[in-house]
Structure formats: C-alpha cells, structure tokens
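Here are the chains, one letter per residue:
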Amino acid sequence: PGSGGHTTLFRIIRYPENHGYQNRIYFYDVYHGDHKYYESFVRNYYGFGGAVANVEDGMEDANIVVATGWPTAYPIFNSRCAGKRFYLVQDFEPYFHPVGTLSLLAENTYRMGFHGINIGECYASKIADEFGMAVDTFKYGCDISRYRPVQGTRRSGVVFYARRETARRGVELGLMALEVFAARRPDTPIHIYGDKMGKLPFSFVDHGHVTPDELNAIYNQCNAGLSISFTNVSLVALEMLAAGCIPVVNDTIQVRVDLNNPFVHYTPAYPSALAAELEAIIDAPDFESVSRAATDSVHTRTWDESCATVDAIFRRDRKSVV
C-alpha cells in the first residue's frame, strides 16, 4: 500500500477491466512469501476482484500477457501459455542494483522480445536503442480528483517523502537538505511522510505511512515540497502541483523530460542548494497566485487519458479479452 508503481499498475488494470477485459493477476515471489497475505492487499487496498494466482501453478492462455517488475519477465518468457507478451516499464530497473548479477539479469529482460510499454519518455529510447526492444510510451497522469487545494487551509511548511528502502529517491540527500533548511528557518514546520523516521537532528512532524486523503491535507499545509529522484520522475511532484504545493526537484535530464512544468523548481542536487530553493518558495511574495497557477498547470494530466493510451497499444494487435 502506498507504492507509486503498484498504484499505477492497478490503475492500468482497472481501466481495461471497465472496458470489457477480463483480468487475471499472477504473483511471482522469489522469496516464497505468504500468497494469501499479498493477495489481501490486491483485494482490500487496490480493490481487484478478479482471479489472483501463483505463477508457479501455471498461467492460462490469454490474448495479452504483461510483465511488470523485471523478475516477472522470466516466468512469462518461459511460460507456454498463449498470448502476446508486453512489458510494463516504469523505470530502468537495472539501476535498482549495484553493477553485478542482478543488474545484468534485469538488463537481459529487455532482450526477451517483449513489446515495451514505457511510462514517460526518459528511458524509452535507451531501451529501444541499446537492447532492441520495441517500445510505445504513455504519459504520467495525475489524480486531480484526490490531490487538489482545500479551501480555508493556511500554508506554512515544507514536506518531504522519505522511503528508506528506495535508494533512487535520495532519502539521505533530502534529510541533509532539510537539516540545512531547519537551521535557517527553525520556525517553519517540516513534514515527513513515507517511513517513520524517529529521531533526527531537527524538529519535524513524523507522519509515517498516510492515506492519499491524509497526504492531500499535508500538501495543503505546505508551500513547498522536496521530491528527489535519481531515475524516473516521482509521481509525488505532480501530486504536489495538483494540491498547489510547489515542488523542488533535483535537476536531471530524466526529470525534465517527463516533468516539463514551469512551476517546478529544478535545483542542483546538493543540500544547501535544495534548502535555499525551499526557502525561496516560502519567501515568495506572490505565492498564492503561483500556487493557483501550479494547480491549473496539471489539470489536463488525467490517468484516464494515460490508461486509454495503454489500452490502445493493447488493442492495436489484440482486440479480444485479456
């Protein structure tokens, strides 16, 4: 629960299901965890009502078979079930591992002959050019029905998403930047959500895991948010914009390709620069008008449009049910 990649995956599952597809989900768990435990998340958190099975028990024939995280590409490659193979690519997953066996195994999945469906553009050409995989893309959406300004709230703080297990989201860098910011602006509230952080060398509100509605309330308490990513862009930055909270992001080519927005503050990735940019947003004399314009800038980025693009890619070659 709360994983951006899984939330996007289940949005994509839900859209074709609402348009006549019959979906089945297969778990491939290399750690042999409790299948029923993880199935409960699919049912209760993501609201999926279709079949949920273990891939080791075999896969039924289908028109479309979709790999998600890179380990799932292997059982799909080896399965004898019918169905055109697609690969939902949400990041360049070899970067999730130090250079070695796991990064190589992740790279090899791009050579399996699947049809890639990439979210965003930042790695589509890399995968096509370096690994020869056919690739289509779809745009990042934003849940503007859930993330939005709340009338009557007063903004006075900054917010940071911290998830220790995800190295590419730069938790350590973000905490260093917040430490610098707190020393400069000790009276400005700092909100941290994701993991419970415990004791840090500055005062902050330790939210831990929150629901989307709770998160929107946090965004509405804040002028600025810190969103760090060293691979693909984080969904957090778009959600902040939708809520009128101005994101500060580490400046990379990957982020700019898929988050080309005039209200995003692209900043060199070192603590003092990130802290200074947060401070500049807090001090902006015209913040309210900027906040409203930031919200308006993402009003057309709906997930329905993004999922419709994925559906069109599926239907181009296969027009029956999954």
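Asker: Just checking my understanding: could you explain the overall build of the protein for this structure?
Answerer: A tally of regular secondary structure across the protein gives 12 helices and 12 strands. For the protein, whose C-alpha radius of gyration is 21 Å, the value lies close to the compact-globule estimate of 20 Å for 322 residues. Put simply, 63% of the contacts in the protein that link residues at least 6 apart link residues at least 24 apart. The averaged location of the 37 negative side-chain charges in the protein is 3 Å from the averaged location of its 30 positive side-chain charges.

Asker: Mind showing me how you'd approach the nonpolar core here?
Answerer: A general feature of soluble globular proteins is that nonpolar side chains tend to end up buried together. Of all hydrophobic cores here, the largest spans 77 residues; its most connected members are Leu178, Ile190, Ile192, Phe202, Tyr219 and Leu259. Each residue touching Leu259, except ones within four places of it in the same chain, is listed here: Val233, Ala237, Leu238, Leu241, Val249, Val264 and Tyr266. In terms of nonpolar packing, the next biggest core, distinct from the first, is built from 21 residues, Ala62, Ala67, Trp70 and Ala73 among them.

Asker: What exactly am I supposed to notice about the pairing of strand E8 (residues 190–194) here?
Answerer: In the case of a regular strand, side chains alternate between the two sheet surfaces. A large share of E8 lies buried, amounting to 4 of its 5 residues. By the bridge criterion, 5 bridges tie strand E7 (residues 157–162) to E8 in an arrangement that is parallel. Each residue of the ladder has a partner; that of Val158, found in E8, is Ile190. In this view, the connection linking E7 to its parallel neighbour E8 by way of helix H6 (residues 171–184) has right-handed handedness. Taken together, the 3 bridges between E8 and strand E9 (residues 205–208) define a ladder with parallel strand orientation. Pairing of Ile192 across the sheet is with Asp206, part of E9.

Asker: Mind showing me how you'd approach helix H1 (residues 4–17) here?
Answerer: The periodicity of an α-helix, 3.6 residues per turn, causes residues three or four positions apart to be oriented the same way. Taking 1.5 Å per residue as the helical rise, H1 with its 14 residues ought to reach 20 Å, and the 20 Å between its terminal C-alpha atoms agrees with that figure. Listing the buried residues of H1 in full gives Thr8, Leu9, Phe10, Arg11, Ile12, Ile13, Tyr15 and Pro16.

Asker: Which parts of the structure should I look at to understand H6?
Answerer: The terminal C-alpha atoms of H6 lie 20 Å apart, and with 14 residues this matches the ideal 20 Å at 1.5 Å per residue to within 8%. What H6 keeps buried is the set Val171, Leu173, Gly174, Leu175, Ala177, Leu178, Phe181 and Ala182. In this structure, the buried side of H6 is in contact with E7, E8, strand E10 (222–227) and helix H10 (271–283).

Asker: What is the right way to look at the packing of H6 against H10 in this model?
Answerer: Packed helices, taken two at a time, are described by the angle their axes make and the gap between the axes. Put simply, H6 and H10 touch, their axes get as near as 8 Å, and they point 55° apart. Comparing the axis directions of H6 and H10 gives the class oblique. As for how H6 packs across H10, the hand of that crossing is right-handed. The segment H6 lies against H10, with Leu173, Met176, Ala177, Leu178, Val180, Phe181 and Arg184 engaging Pro271, Ser272, Leu274, Ala275, Ala276, Leu278, Glu279 and Ile282. Split into classes, the residues belonging to the contact of H6 with H10 amount to 12 nonpolar, 1 polar and 2 charged.

Asker: Got a minute to help me understand the environment of Pro268 in this structure?
Answerer: The residue Pro268 is located in the loop between strand E12 (265–267) and H10 in this model. Between the alpha carbons of Pro268 and Tyr38 there is a distance of 39 Å; along the sequence they are 230 residues apart. Non-local contacts of Pro268, meaning those with residues more than four positions away in its chain, are made with Asp251, Ala273 and Leu274.

Asker: Whenever I open this one, the packing of aromatic side chains confuses me. Can you help?
Answerer: One pair of aromatic rings is described through two measures. These are the centre distance and the angle between the planes. With the rule as written, the count across this model stands at 20 aromatic pairs. Judged by centre distance (6.2 Å) and plane angle (35°), the rings of Phe92 and Phe131 are tilted. Highlighted residues: Phe92 in the loop between strand E4 (84–89) and helix H4 (101–108) and Phe131 in helix H5 (residues 124–131), separated in sequence by 39 residues. Ring geometry for Tyr193 against Tyr219: centres 6.2 Å apart, planes inclined by 75°, an arrangement best described as edge-to-face.

Asker: Is there a simple way to think about the environment of Gly4 in this case?
Answerer: Relative to the helices and strands, Gly4 resides in helix H1. Its relative accessible area of 29% is what places Gly4 among the partly exposed residues. Distance from Gly4 to Leu235, taken between C-alpha atoms, is 6.8 Å for residues 231 residues apart in sequence.

Asker: Help me out: how do you make sense of the pattern of salt bridges in this one?
Answerer: Scanning the entire structure with this criterion turns up 14 salt bridges. Between Arg185 and Glu279 there is a salt bridge, with the nearest N and O atoms lying 3.8 Å from each other. Residue Arg185 is found in the loop between H6 and E8, and its partner Glu279 is found in helix H10; the two are separated by 94 residues along the sequence. Its salt-bridge partner being Asp311, residue Arg315 comes within 3.0 Å of it at the nearest N-O pair. Of this pair, Arg315 and Asp311 are both found in helix H12 (residues 303–317), 4 residues apart, which corresponds to roughly one turn of the helix. Overall, the relative accessible area of 28% leaves Arg315 in the partly exposed class.

Cut-offs applied
Residues numbered from 1 in each chain as written. Predicted model: local features only at pLDDT ≥ 70, side-chain atom pairs only at ≥ 80, totals over all residues. Heavy atoms only, no water. Helix = DSSP H or I, 4+ residues; strand = E, 2+ residues; numbered from the N terminus. Rg over C-alpha atoms; globule rule 2.2 N^0.38 Å. Contact = heavy atoms within 4.5 Å. Lys, Arg positive; Asp, Glu negative; His and termini not counted. Charge placed at Lys NZ, Arg CZ, Asp CG, Glu CD. Core = buried A, V, L, I, M, F, W, Y, C linked by side-chain atoms within 4.5 Å. Buried < 20%, exposed > 50% of the residue type's maximum accessible area, 1.4 Å probe, protein only. Pairing = 2+ DSSP bridges. Right-handed = clockwise from strand over helix to strand, strands pointing away. Expected span 1.5 Å × (residues − 1). Axes fitted to C-alpha atoms, helices over the stretch in contact; angles between N-to-C directions. Parallel < 35°, antiparallel > 145°, perpendicular 65-115°, else oblique. Left-handed = near helix turned anticlockwise from the far one by under 90°. Nonpolar A, V, L, I, M, F, W, Y, C, P; charged D, E, K, R; others polar. Phe/Tyr/Trp six-rings, centres within 6.5 Å; stacked < 30°, edge-to-face > 60°. Salt bridge = Lys/Arg side-chain N within 4 Å of Asp/Glu carboxyl O.

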